[in-house]
Amino acid sequence: MAACNETHNPALRSWVSSANTAACDFPIQNLPFGVFRRKRSNEAFRGGVAIGDQILDLAAAAQTGLFTGDAATAMQAGAQDKLNALMRMGPQAWHALRLALSHALRDNAPEQATLQSCLVPQAQAEYDVPARIGDYTDFYTSIHHATNIGKQFRPDNPLLPNYKWVPIGYHGRASSIGVSGQAFHRPVGQTMPPGATEPSFGPCKRMDLELELGIFIGRGNALGDALTMEEAEDHVFGICLLNDWSARDIQAWEYQPLGPFLSKNFASTISPWVVTLEALAPYRVPFKRAAEDIQPMAYLDSEANRQQGALDIQLQVGIHTPKMREAGEPAAIVCNTSYRHAYWTVAQMVTHHTVNGCNLQAGDFLGSGTLSGPTLDQAGALIELTQGGKPPLQFANGEQRVYLEDGDTVVLRGWCEKTGATRIGFGECVGTVLPAKPHQSI
Ligand code: CA
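Residues numbered from 1 in each chain as written. Predicted model: local features only at pLDDT ≥ 70, side-chain atom pairs only at ≥ 80, totals over all residues. Heavy atoms only, no water.

Draft legend 1. Just the environment of Asp-364, in detail. Tracing the backbone shows Asp-364 in the loop between α11 (346-354) and β22 (365-367). Between the C-alpha atom of Asp-364 and that of Thr-141, which follows or precedes it by 223 residues, the distance is 18 Å. Filtering out sequence-adjacent residues up to four positions away, Asp-364 remains in contact with Gly-134, Asp-135, Ile-215, Phe-216, Ile-217 and Asn-359. Within the structure, the side chain of Asp-364 is placed 3.2 Å from the backbone nitrogen of Asp-135, a separation counted as a polar contact. (Helix = DSSP H or I, 4+ residues; strand = E, 2+ residues; numbered from the N terminus. Contact = heavy atoms within 4.5 Å. Polar contact = N/O pair within 3.5 Å; in protein donor to acceptor, adjacent residues only side chain to side chain.)

Right under this line is the structure:
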């Protein structure tokens, strides 16, 4: 488990002056990884590190000869068009690269003269999904989300009996994961309208968002070898924002008995920047359940997890309607919550995933599940915020929403802040619902 070290020192400032402003997501204490190229260019995508409003181009920096040893090897790996090779290297290499970048980007660093030419403004960049994602698993780690959803189907018994014992998850679809800026057509499919005797076919009418965090696996584990709670986090590269869009009406009709299928696999949107676990070290908080609650089984428990297994990541959901965009108004904020409310931690997800010998691979992706907090205004999906579509959300401009309409853009944001540490952010995860494509059967 990464501890705080000199790279987290709040006194550090960068020669990239935009990194030193108070509200900046990417100060020198953050140093998240992504892949990028200049917009509208046919340059190759390559790894980069966000610093202030700039990107340090890892492919260019690797050519300078300024870096040596483990940091240079890690930088070469990070210079590729996907970050899998860097992810596969493990925490020692990630730390060596982070430390070298922290030194080279500090105020008065002698590297400034050379590295200045390796910066690309974020405003001129476009991004790609940062890893070749082999497999995507979506968990269900918010007990508040599970309870809110369960209440709509089973008012007297909202939480199923396995929930407090098993970190519930299912295998998702990797091919339709896109990076922030993704726009997708409203999915078409089968639904069973309330009161109807037969299903209908047509565009989804209950298009929802899901506020989640995404976890990128670093080093994998061999098939047959389970990871322990003590080992789990050494296999986690970092965390990004994830909107796991959901077609609720398609889901309600298709999900029994094998779970969601076409209601989930048409699109999932992630933020371009992956914040490393090491960067998040100052924001660890104890993982605890009430004494009278069911406690995790021994294989899902560890002293380190109890002391600091949870993360206090602030999360926010905004909806930006076409009308708001035309009027130049900001998005309406519909939810503020924190990852600290999750019922299962990152280490527990990884440990549980491998307990049967399942092999995780570098670049595999885990979704946390919708991260709803304890009260309804902290709910991370519209199905909860509108209690199954009943009271619509009222926006300041007079508009209402029950579910998402065509043209709506959803903006997720995440950041960490507390006294005594530097605020770090995840940037944005932006996605837009387009009208359904014409279909021959409609
Ligand atoms: Ca989900």
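The structure having been displayed, the exposition proceeds.
Draft legend 2. The coordination of the calcium ion, seen in detail. Within the protein, the atoms that donate to the calcium ion are Asp-138 (OD), Glu-210 (OE), Glu-212 (OE) and Asp-244 (OD), at distances of 2.2 to 2.3 Å. Summarised as a motif, the one-chain spacing of the donors to the calcium ion is D-x71-E-x1-E-x31-D. Classification of Glu-210 by relative accessible area gives buried; the value is 3%. In this structure Glu-212 comes out as buried when scored by relative accessible area, which is 0%. (Donors = N, O, S within 2.8 Å, 3.2 Å for Na, K, Ca; no water. Buried < 20%, exposed > 50% of the residue type's maximum accessible area, 1.4 Å probe, protein only.)

Draft legend 3. Layout of the nonpolar core. Among the nonpolar cores identified, the biggest contains 61 residues, and Ile-239, Trp-245, Leu-280, Ile-313, Tyr-339 and Leu-404 are the most heavily contacted of them. Apart from residues no more than four positions distant in its own chain, Leu-280 is found in contact with Ile-239, Val-275, Leu-311, Ile-313, Cys-416, Ile-424 and Phe-426. Ranked by size, the runner-up nonpolar core spans 58 residues in total, among them Phe-33, Trp-94, Cys-118 and Val-120. (Core = buried A, V, L, I, M, F, W, Y, C linked by side-chain atoms within 4.5 Å.)

Draft legend 4. Region of the structure containing the domain arrangement of the chain. We note that the domain assignment places domain 1 (6-128) and domain 2 (136-434) within the chain. When each unit is reduced to the centre of its C-alpha atoms, the spacing between domain 1 and domain 2 is 28 Å. Between domain 1 and domain 2, the contact holds 30 residues from the first and 27 residues from the second. When domain 1 packs against domain 2, close to 2300 Å² is buried across both sides, 65% of that on carbon and sulfur atoms. (Domains from an automatic or database assignment. Buried area = accessible area lost by both parts, 1.4 Å probe.)

Draft legend 5. Molecular detail of the pattern of salt bridges. Counted according to the given criterion, the structure contains 22 salt bridges. Asp-293 serves as the salt-bridge partner of Lys-164, at 2.9 Å between the closest nitrogen and oxygen. With a gap of 129 residues between them, Lys-164 in the loop between α6 (143-153) and β7 (169-171) and Asp-293 in the loop between β18 (284-285) and α9 (303-308) connect regions that are remote in the sequence. By relative accessible area, which is 24% here, Lys-164 ends up partly exposed. The buried category is assigned to Asp-293, whose relative accessible area is 18%. Three or more residues joined by partner-sharing salt bridges are found here, namely Arg-38, Glu-43, Arg-46 and Asp-57. (Salt bridge = Lys/Arg side-chain N within 4 Å of Asp/Glu carboxyl O.)

Draft legend 6. Region of interest: the sheet that holds strand β5 (residues 125-128). What the 5 strands build is an open sheet, ordered β4-β3-β2-β1-β5; its pairing is antiparallel. Of all strands in the sheet, those bounded by a partner on one side alone are β4 (119-121) and β5. Taken pair by pair, the neighbouring strands of this sheet meet at an average axis angle of 50°, ignoring direction. With 4 bridges connecting them, strand β1 (residues 33-38) and strand β2 (residues 46-51) associate as antiparallel partners. Along β2, the bridge assignment pairs Gly-34 with Gly-48. (Pairing = 2+ DSSP bridges. Axes fitted to C-alpha atoms, helices over the stretch in contact; angles between N-to-C directions.)

Draft legend 7. Spotlight on the state of the cysteines. Counted by the stated rule, this structure contains 0 disulfides. No disulfide involves Cys-24; its nearest neighbouring cysteine sulfur is the one of Cys-416, lying 14 Å away. Judged by relative accessible area, Cys-24 falls into the buried class, the value being 10%. For Cys-358, which is in no disulfide, the shortest distance to another cysteine sulfur is to Cys-240 and amounts to 20 Å. A relative accessible area of 23% places Cys-358 in the partly exposed class. (Disulfide = S-S within 2.5 Å.)

Draft legend 8. Seen up close, the environment of Asp-301. For Asp-301, the position within the fold is in the loop between β18 and α9. With sequence-adjacent residues up to four places away left out, Asp-301 is seen in contact with Met-229, Pro-296 and Arg-306. A polar atom in the side chain of Asp-301 sits 2.9 Å from the side chain of Arg-306.

Draft legend 9. Layout of the packing of helix α2 (residues 69-78) against helix α4 (residues 91-105). It is the contact of α2 with α4, at a shortest axis distance of 8 Å, that shows an interaxial angle of 100°. On the basis of their axis angle, the class for α2 and α4 is roughly perpendicular. Along the contact surface, α2 presents Asp-70, Ala-71, Ala-74 and Met-75, while α4 presents Ala-93, Ala-96, Leu-97, Ala-100 and Leu-101. Taken together, the residues that form the contact of α2 with α4 break down as 8 nonpolar, no polar and 1 charged. (Parallel < 35°, antiparallel > 145°, perpendicular 65-115°, else oblique. Nonpolar A, V, L, I, M, F, W, Y, C, P; charged D, E, K, R; others polar.)

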